[in-house]
Amino acid sequence: MTFRHYGDSDPVSLEYISQIPGVTGIVSAVYDVSPGCVWPTESIERIQSQAAAHGLAFEVVESVPVHEDIKLGKPSRDQYIAAYCENIRRLGKAGIKCICYNFMPVFDWLRSDLAHKNKDGSTSLIYRHEQVLAMDPAKGGLSLPGWDESYSAEGLSALLEEYAAIDAEKLWENLAYFIRAIMPACEEAGVNMAIHPDDPPWDIFGLPRIVTNEKNLDRLLSLHPSRRNGLTLCTGSLGASPANDIPALLRKYAGMGRVHFVHARNIRLVGENDFDETAHPSQYGSLDMYEILKALYDTGFDGYIRPDHGRMIWGEKGRPGYGLYDRALGAVYLEGLWEAIVKSNNMH
Ligand code: DNO
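Because the structure is predicted, anything quoted here is derived from the model rather than measured.

Of the regular secondary structure elements, the protein chain holds 12 helices and 12 strands. Taken against the 2.2 N^0.38 rule, which gives 20 Å for 348 residues, the C-alpha radius of gyration of the protein chain at 19 Å falls within 12% of a compact globule. Counting the 348 residues in the protein chain, one finds 42% classified as buried. Counting contacts in the protein chain only where the partners sit at least 6 residues apart, residues at least 24 apart contribute 71% of the total.

Another aspect to go through is the nonpolar core. One finds Ile-88, Cys-98, Ile-99, Ile-182, Leu-250 and Ile-292 to be the most contacted residues of the largest nonpolar core, which totals 79 residues. Broken down by element, the residue count for this core peaks at 8 residues, all from helix H7 (residues 168–189).

With an omega of -5 degrees, the peptide bond between Glu-62 and Ser-63 qualifies as cis. Secondary-structure assignment places Ser-63 in the loop between strand E3 (57–62) and helix H3 (68–72). With omega at -5 degrees, the peptide bond leading from Asp-199 into Pro-200 counts as cis. Look at Val-106: it is not a glycine, yet its phi comes out positive at around 60 degrees. Tracing the backbone shows Val-106 in the loop between strand E4 (98–101) and strand E5 (113–117).

In this section: the site of the ligand. As a matter of local geometry, the ligand sits amid 12 residues, with Ser-63, Asn-102, Asp-108, Trp-109 and His-196 nearest to it. For the shell around the ligand, the residue count by class is 3 nonpolar, 7 polar and 2 charged.

With that settled, the discussion passes to the pairing of strand E9 (residues 259–264). Burial of E9 is extensive: 6 of the 6 residues sit out of reach of the surface. As defined by bridge partners, strand E8 (residues 229–234) adjoins E9 across 4 bridges and the pair is classed as parallel. Following the sheet pairing, Cys-234 is matched in E9 by His-263. Bridge analysis of E9 against strand E12 (residues 304–307) gives 4 bridges, and the strand direction is parallel. Note that in E12 the partner of His-263 across the bridge is Arg-306.

Put simply, helix H11 (residues 289–298) and helix H12 (residues 325–346) touch, their axes get as near as 10 Å, and they point 55 degrees apart. Judged on the interaxial angle alone, H12 and H11 are oblique. Viewed along their axes, H11 and H12 form a crossing whose handedness is right-handed. Along the contact surface, H11 presents Met-289, Tyr-290, Leu-293, Lys-294 and Tyr-297, while H12 presents Leu-334, Leu-337, Trp-338, Ile-341, Val-342 and Asn-345. Partitioned by chemical class, the residues of the contact of H11 with H12 number 9 nonpolar, 1 polar and 1 charged.

So, on to the sheet that holds E8. Pairing in this open sheet of 8 strands is parallel, and the strands run E1-E2-E3-E4-E7-E8-E9-E12 from one edge to the other. The open sheet has two free edges, formed respectively by strand E1 (2–4) and E12, since each of these has just one partner strand. In this sheet, neighbouring strand axes are inclined to one another by 25 degrees on average, regardless of whether the strands run parallel or antiparallel. Relative to strand E7 (residues 192–195), E4 runs parallel, the two sharing 4 bridges. Across the sheet, Tyr-101 pairs through a bridge with Ile-195, a residue of E7. Where helix H10 (residues 246–255) meets the sheet, its contacts fall on E8 and E9, and the angle it forms with E8 comes to roughly 155 degrees.

Topologically, Gly-230 is positioned in strand E8. As for Gly-230 and Arg-111, which are separated by 119 residues in sequence, their C-alpha atoms are 26 Å apart.

On to the pairing of E5. Across a regular strand the side chains alternate sides, sitting on one face of the sheet and then on the other. Note that E5 and strand E6 (residues 123–128) share 3 bridges and pair antiparallel. The residue bridging Asp-113 from the neighbouring strand is Ile-126, located in E6. The turn linking E5 back onto E6 is made up of 5 residues, and Gly-121 within it adopts a positive phi angle of 90 degrees.

Next up on the list: the packing of H10 against H11. Contact pair H10 / H11: the axes reach a minimum separation of 8 Å and the direction vectors enclose 15 degrees. Taken together, the axis directions place H10 and H11 in an arrangement best described as roughly parallel. Pair H10 / H11 crosses with right-handed handedness. The segment H10 lies against H11, with Ile-246, Pro-247, Leu-250, Arg-251 and Ala-254 engaging Glu-291, Ile-292, Ala-295, Leu-296 and Asp-298. For the contact of H10 with H11, a count of residues per class yields 7 nonpolar, no polar and 3 charged.

Reading the values: the criteria
Residues numbered from 1 in each chain as written. Predicted model: local features only at pLDDT ≥ 70, side-chain atom pairs only at ≥ 80, totals over all residues. Helix = DSSP H or I, 4+ residues; strand = E, 2+ residues; numbered from the N terminus. Rg over C-alpha atoms; globule rule 2.2 N^0.38 Å. Buried ≥ 20, exposed ≤ 12 C-beta atoms within 10 Å, placed from the backbone. Contact = placed C-beta atoms within 7 Å. Core = buried A, V, L, I, M, F, W, Y, C linked by C-beta atoms within 7 Å. Near = placed C-beta within 6 Å. Nonpolar A, V, L, I, M, F, W, Y, C, P; charged D, E, K, R; others polar. Pairing = 2+ DSSP bridges. Axes fitted to C-alpha atoms, helices over the stretch in contact; angles between N-to-C directions. Parallel < 35°, antiparallel > 145°, perpendicular 65-115°, else oblique. Left-handed = near helix turned anticlockwise from the far one by under 90°.

Given below as structure tokens:
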């Protein structure tokens with residue numbers, strides 16, 4: 001059981017993380033290096049030793065960002081891929097076993113509201129498709145948590161224009177090129193790549209999104225047969241589309257040994273393409289967390305898992321989705337389910 005940590009700027013301390021029952025490691029990254037550049041070994045080692053000082057392992061990186069030129073398939077991609085491979089080798093040497101990354105054009109995860117007030121006074125991240133469609137990213141003033149705020153409105157418009165030539169098939173080609181180019185470094189370094197599904201799993205602002213459903217996950221895994229070409233199975237991202245049966249997907253892909261990392265969280269579907277993030281327990285959302293963990297247990301899953309986004313509760317202020325309290329409750333809830341599954345299976 002791991003817990004995401006955003007480095008020195010994270011209001012949640014490593015000490016507090018080490019106090020959460022059952023959490024044995026952190027998921028982190030070097031945050032002060034631009035996409036496409038090489039991470040200094042000292043920065044990687046610093047995270048490693050800070051975690052170790054609190055008895056926490058650092059074996060999972062989220063994320064090593066993929067430079068937009070790689071997604072766009074520009075000639076400059078080769079130099080960025082070379083830097084990516086160097087990062088893989090450095091991370092492997094420092095004890096990292098798994099790298100989470102994504103291949104979403106321009107924007108990472110998107111929500112329409114980061115602090116939607118629930119009846120009980122807690123706040124949640126929510127997504128309302130109409131509201132997102134009404135935003136114009138090229139006009140600026142749009143600030144959503146998942147994406148690089150360093151773009152100016154003009155820079156963003158120019159980038160979006162470059163993507164006009166990239167349809168889903170072209171993006172697949174560029175993803176295939178990237179995966180095939182990095183696999184040798186992964187083999188050499190002993191590092192598993194775990195692509196994060198697109199969140200939400202549909203096209204946004206006219207940009208194609210391709211890591212969205214079973215058919216596409218099959219295609220992704222077929223791009224390179226190595227087990228190291230694997231998945232971050234994010235229950236909330238894929239679960240936003242009711243066609244995605246999460247326990248079934250886990251049984252299939254974890255059964256193939258291709259799931260290296262699980263992001264566990266619950267969401268409540270409230271309309272077509274609309275959802276609220278909820279507390280982790282099954283009763284609050286549309287996902288059955290017991291069935292999800294049961295699928296992992298039955299397939300002998302031995303990868304990493306972390307509680308994903310939590311609500312803001314008990315007056316906590318912090319990074320949307322990444323407060324301490326609700327994620328800690330999520331971790332312990334998941335551990336409780338796991339203990340019950342393990343023990344009830346040993347009894348038979
Ligand atoms: C959201 C996260 C994502 C994830 C990246 C991986 O909270 O799960 O931002 O870190 O998509 O590259």
